[in-house]
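# Observations on chain architecture
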Amino acid sequence: DAGVTQSPTHLIKTRGQQVTLRCSPKSGHDTVSWYQQALGQGPQFIFQYYEEEERQRGNFPDRFSGHQFPNYSSELNVNALLLGDSALYLCASSLAPSGTPEQYFGPGTRLTVT
Amino acid sequence: DQQVKQNSPSLSVQEGRISILNCDYTNSMFDYFLWYKKYPAEGPTFLISISSIKDKNEDGRFTVFLNKSAKHLSLHIVPSQPGDSAVYFCAASAHNNNDMRFGAGTRLTVKP
C-alpha cells in the first residue's frame, strides 16, 4: 500500500522564478492538503483540494496556487519566488468525508530560494 | 497568530521513564486535537488524537489528556523508549474547518 509520495525531494531556485511541486496521495485517499514548514516551526496550512477544486485556503498570497487531477494527485505552484519561500513543503492526504481529520503526510520537498 | 503553542522546544528523559509533552491552544472553536511524530527526513506521522467530547484517549504507551477549561492538552508516553526520540507536533482543528493548526513542535530525546 503506497503512502503519500512527493517529488522532487530537494529543489534550489532563484528569486523570481516559478516552481512546481508534486504529490500523489495515499492509495484510497481523495483529498490533498499542502503545508509549508519553515525551519523551527510547525506546518502551516496552504490549501486543500477535493474533487479537483480548492476547498479551503490558508493565509497565503495568490502566488501560491494548486491543482488536483482526476487521479487525485496534486501540484503546488509558487510564482515569483521570494527568499522567504524557502521551506519544507508537505503534502498530506485524507479521505473525505471522514469522521476524523487525520491526515497522512509525505516526506516533503525541501525548497531553497537563493 | 499562534493558536496552538508548544512552549517547550525540547525535552530529555531517561529510557523507561514517563515523557510528558504539553500543548496549549487559544481558539475555543477547536474540537479535535492530534499529535504527530516526525523523524528527520520524513513527514509527520499521526500518533494519537482526541475529540473535545473526551478528556482522555489511550493507545498502548501513548495517552493524550485534554483539559478544555484550561485549553491544554498533554501527551504521556510511558515507558519511554529510545525509538520515541523525534519531534512531536500538537495539532488542532475545528469542525468543518480543514485548516489544521500546528504547534512549533517539541524535540523529545530518550536516553538509553
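Structure: above.
Residues numbered from 1 in each chain as written. Chains lettered and ligands numbered in written order. Predicted model: local features only at pLDDT ≥ 70, side-chain atom pairs only at ≥ 80, totals over all residues. Heavy atoms only, no water.

## A few points about the sheet that holds strand E8 (residues 72–77) of chain B
All names here are of chain B. Put simply, the rule reads: In this scheme, strands are said to pair when DSSP sees at least two bridges between them. Secondary structure is summarised from DSSP: a helix means a run of H or I of at least four residues, a strand means a run of E of at least two, and numbering begins at the N terminus for each.
Spatial strand order, E1-E3-E8-E7-E6: five strands in an open sheet with antiparallel pairing. Every other strand in the sheet has two partners, leaving strand E1 (4–5) and strand E6 (56–59) as the edge strands with one partner each. Pairing geometry for strand E3 (residues 19–25) and E8, over six bridges, is antiparallel. Of the residues in E8, the one forming a bridge with Cys 23 is Leu 73.

## Here's the deal with the pattern of salt bridges
Residues and elements named next belong to chain B. The cut-off we apply is this: Throughout this description, the term salt bridge denotes a Lys or Arg side-chain nitrogen within 4 Å of a carboxyl oxygen of Asp or Glu. For the exposure calls, accessible area comes from a 1.4 Å probe over protein chains only, and a residue counts as buried if that area is under 20% of its type's maximum, exposed if over 50%, partly exposed in between.
Under the defined criterion, the tally for this structure stands at five salt bridges over all chains. For Arg 61, the salt bridge is made with Asp 84, and the minimal N-O distance between the two is 2.8 Å. Here Arg 61 is found in the loop between E6 and strand E7 (62–67), whereas its partner Asp 84 is found in the loop between E8 and strand E9 (86–94), with 23 residues between them in sequence. On the basis of relative accessible area, Asp 84 is assigned to the buried category, the value being 2%.

## Describing the pairing of E7(B)
All names here are of chain B. Pairing analysis gives four bridges linking E6 to E7, with the strands arranged antiparallel. Among the inter-strand pairings, Lys 56 is bridged to a residue of E7, identified as Phe 65. Counting the residues that bridge the hairpin from E6 to E7 gives two residues, and of these Gly 60 lies at a positive phi of roughly 65°. Sheet topology note: the E7/E8 ladder contains six bridges and is antiparallel. Bridge assignment links Thr 63 to a residue of E8, and that residue is His 76. With antiparallel pairing between neighbouring strands as the criterion, E7 and E8 make up a hairpin whose turn holds four residues, including Lys 71 at a positive phi of roughly 50°.

## Observations regarding the packing of aromatic side chains
Definition in use: Note on ring pairs: Phe, Tyr and Trp rings are taken, using the six-membered ring of Trp, and paired if centres are within 6.5 Å. Classes follow the plane angle, with under 30 degrees stacked, over 60 edge-to-face and the rest tilted. A ring is considered to have a charge above it if a Lys NZ or an Arg CZ atom is located within 6 Å of its centre and within 35 degrees of its normal.
This model, assessed by the stated rule, comprises 12 aromatic pairs over all chains. Note on A:Tyr35 and B:Phe102: the rings are 5.6 Å apart at their centroids and 85° apart in plane angle, and the pair reads as edge-to-face. With A:Tyr35 in strand E4 (residues 31–37) and B:Phe102 in strand E10 (residues 101–102), this pair bridges two chains. With 5.3 Å between their ring centres and 90° between their planes, A:Phe47 and A:Tyr49 make a pair best called edge-to-face. Of the two residues, A:Phe47 and A:Tyr49, both sit in the buried class. One aromatic cluster in this structure is built from A:Tyr35, A:Phe45, A:Phe105, B:Tyr36, B:Phe46, B:Phe89 and B:Phe102. Its guanidinium or amino end placed over the ring of A:Tyr104, A:Lys26 lies 5.3 Å from that ring's centre, counting from NZ or CZ. Against the face of A:Tyr50 rests A:Arg55, its NZ or CZ located 4.8 Å from the ring centre.

These figures come from the coordinates and say nothing about function on their own.
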